Amino acid sequence: MVDLSPLRDAIIDGNAKMAKALTDQALKEGTDPQSIVTTYLIPAMDEVGRRFECNEYFVPELLIAARAMKGSMELIRPLLVKGGVQPIATVAIGTVKGDLHDIGKNLVASMLEGGGFTVVDLGVDVAPEKFVASVQEKGVNIICLSALLTTTMPAMKDTIAALNSAGLRGKVKVMIGGAPVIQRYSDEIGADGYSDNASSAVQLARKLAAAA
Ligand code: B12
């Protein structure tokens, strides 16, 4: 396989144009799309996450790296789907009912996608029933709830209650996050985990998928 370390570097540097051009070229040369993801994109986003955790990178760098990764994934995703490559798990992510903040949610979604998950992005202001439907209709294994307002945090509890009422709680893991969320709240409402940033969200999702 050709050395695509410039692709890895382009993602880490957030150079979306370069990342897309290198991905396009690699695919045209016949490089296996799955190996581009596992050998270059996932390690690149892991490195971005590492730099974020040790305060070498901040939110803007995370966002531009995620955007670069997204551009590459747009070229790769249709080929993966055609080739039937198995994702780690399917995740549905959304900002809870009443809440329109989506920057952090989008970041988590991009990092999860770069981390090998299939991501169903339900958007913002997502009612509990919509999360329930995603499990029933799309075979979702993990639900990710984001809230940025203290007034919308109870919608996380409502979503877990709706999963319980639908008899689905045993079939799906629930992860929560967003600036006002803390571990104690996660424990209180019976979520399976909480993380305070997009990078550790991927680690948590991998752990939950392995335990499922
Ligand atoms: C940008 C912003 C907006 C934008 C949102 C644009 C958008 N497309 O998202 C706009 C202008 C629309 C907005 C509107 C409002 N906002 Co506002 N907003 C912010 C602001 C400045 C930044 C939020 C942000 O994007 N942070 C950056 C991201 C990357 O961080 P993050 O979301 O926390 O996500 C990270 C982690 O939390 C985690 N994470 C996030 N989600 C998830 C999910 C899972 C599953 C996991 C594991 C992890 C995880 O990973 C992410 C990446 O590391 C904050 C202040 C602040 N500094 O936080 C106020 C803030 C959140 N807003 C606030 C308020 C009050 C409002 C309004 C009510 C204002 C008004 N009066 O209209 C409205 C509410 C609208 C609504 N119904 O939602 C308050 C909330 C106060 C509170 N205690 O609830 C804040 C804190 C400002 C303040 N200090 O008063 N807002």
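Residues numbered from 1 in each chain as written. Predicted model: local features only at pLDDT ≥ 70, side-chain atom pairs only at ≥ 80, totals over all residues.

**Section: the overall build of the protein chain**
And step 1. Helix and strand counts for the protein chain stand at 9 helices and 5 strands.
And step 2. Across the protein chain, helices and strands are ordered from the amino to the carboxyl terminus as α-α-α-α-β-α-β-α-β-α-β-α-β-α.
And step 3. In terms of overall size, the protein chain behaves like a compact globule, its C-alpha atoms giving a radius of gyration of 17 Å where 212 residues would be expected to give roughly 17 Å.
And step 4. With respect to the principal axes defined by its C-alpha atoms, the protein chain has extents near 50 × 35 × 30 Å.
And step 5. Sorting the 212 residues of the protein chain into buried and exposed places 46% on the buried side.
And step 6. Excluding contacts between residues fewer than 6 apart, the proportion of contacts in the protein chain whose partners are at least 24 apart in sequence is 76%. (Helix = DSSP H or I, 4+ residues; strand = E, 2+ residues; numbered from the N terminus. Rg over C-alpha atoms; globule rule 2.2 N^0.38 Å. Buried ≥ 20, exposed ≤ 12 C-beta atoms within 10 Å, placed from the backbone. Contact = placed C-beta atoms within 7 Å.)

**Brief notes about the sheet that holds strand β1 (residues 90-96)**
And step 1. As summarised here, the arrangement of the 5 strands in space is β2-β1-β3-β4-β5, forming an open sheet in which the pairing is parallel. Only two strands of the sheet have a single neighbouring strand rather than two, namely β2 (118-126) and β5 (193-194).
And step 2. Bridge count between β1 and strand β3 (residues 142-146): 5 bridges; the pairing is parallel. Along β3, the bridge assignment pairs T95 with S146.
And step 3. Against the sheet, helix α5 (residues 103-114) contacts β1, β2, β3 and β4 (173-177), and its axis sits at roughly 175 degrees relative to β1.
And step 4. Across the sheet, helix α6 (residues 128-138) lies against β1, β2 and β3, angled at about 155 degrees from β2, the strand it touches most. (Pairing = 2+ DSSP bridges. Axes fitted to C-alpha atoms, helices over the stretch in contact; angles between N-to-C directions.)

**What about the domain arrangement of the protein chain?**
The accessible area lost on association of the parts is a frequent measure of interface size.
And step 1. When the domains of the protein chain are assigned, the result is domain 1 (5-83) and domain 2 (90-211).
And step 2. Spacing between the C-alpha centres of domain 1 and domain 2 amounts to 24 Å.
And step 3. Taken residue by residue, the interface counts 13 residues in domain 1 and 11 residues in domain 2.
And step 4. For the side of domain 1 that touches domain 2, the secondary-structure elements that each account for two or more residues are α3 (33-53) and α4 (59-83).
And step 5. With 7 residues, the top contributor of residues to the side of domain 1 that touches domain 2 is α3. (Domains from an automatic or database assignment.)

**Describing the site of the ligand**
And step 1. Every one of the 29 residues lining the ligand counts as a neighbour, but L100, I103, G104, S146 and G177 are closest to it.
And step 2. Mapped onto the shell around the ligand, the elements with two or more residues apiece are α5, β3, β4 and α9 (198-211).
And step 3. With 5 residues, the top contributor of residues to the shell around the ligand is α5.
And step 4. Considered class by class, the residues forming the shell around the ligand number 15 nonpolar, 10 polar and 4 charged. (Near = placed C-beta within 6 Å. Nonpolar A, V, L, I, M, F, W, Y, C, P; charged D, E, K, R; others polar.)

**Describing the pairing of β2**
Consecutive side chains along a regular strand alternate between the two faces of the sheet.
And step 1. Where β1 lies against β2, 6 bridges are found, and the strand directions are parallel. Across the sheet, A92 pairs through a bridge with V120, a residue of β2.
And step 2. After leaving β1, the chain enters α5 and then returns to the sheet as β2, a path that is right-handed. (Right-handed = clockwise from strand over helix to strand, strands pointing away.)

**Considering the packing of α5 against α9**
And step 1. In the contact formed by α5 and α9, the axes pass within 9 Å of each other and the chain directions differ by 50 degrees. Our classification of the angle between α5 and α9 gives oblique. The handedness of the crossing between α5 and α9 comes out as right-handed. From α5, L107, V108, M111 and L112 reach across to α9, where they touch A198, S199, A201, V202 and A205.
And step 2. Each residue belonging to the contact of α5 with α9 can be placed in one class, and the counts come to 8 nonpolar, 1 polar and no charged. (Parallel < 35°, antiparallel > 145°, perpendicular 65-115°, else oblique. Left-handed = near helix turned anticlockwise from the far one by under 90°.)

**Considering the environment of A133**
And step 1. Residue placement: A133 occurs in helix α6.
And step 2. A count of 16 C-beta atoms within 10 Å places A133 in the partly exposed class.
And step 3. C-alpha separation for the pair A133 and G104, spaced 29 residues apart in sequence, amounts to 23 Å.

**So, the nonpolar core**
And step 1. I11, V91 and L112 are the most contacted members of the largest nonpolar core, which totals 64 residues.
And step 2. The dominant element in this core, judged by the number of residues it contributes, is α3, at 9 residues.
And step 3. Each residue touching V91, except ones within four places of it in the same chain, is listed here: L112, F117, T118, V119, V120, V140, I142, C144 and A205. (Core = buried A, V, L, I, M, F, W, Y, C linked by C-beta atoms within 7 Å.)

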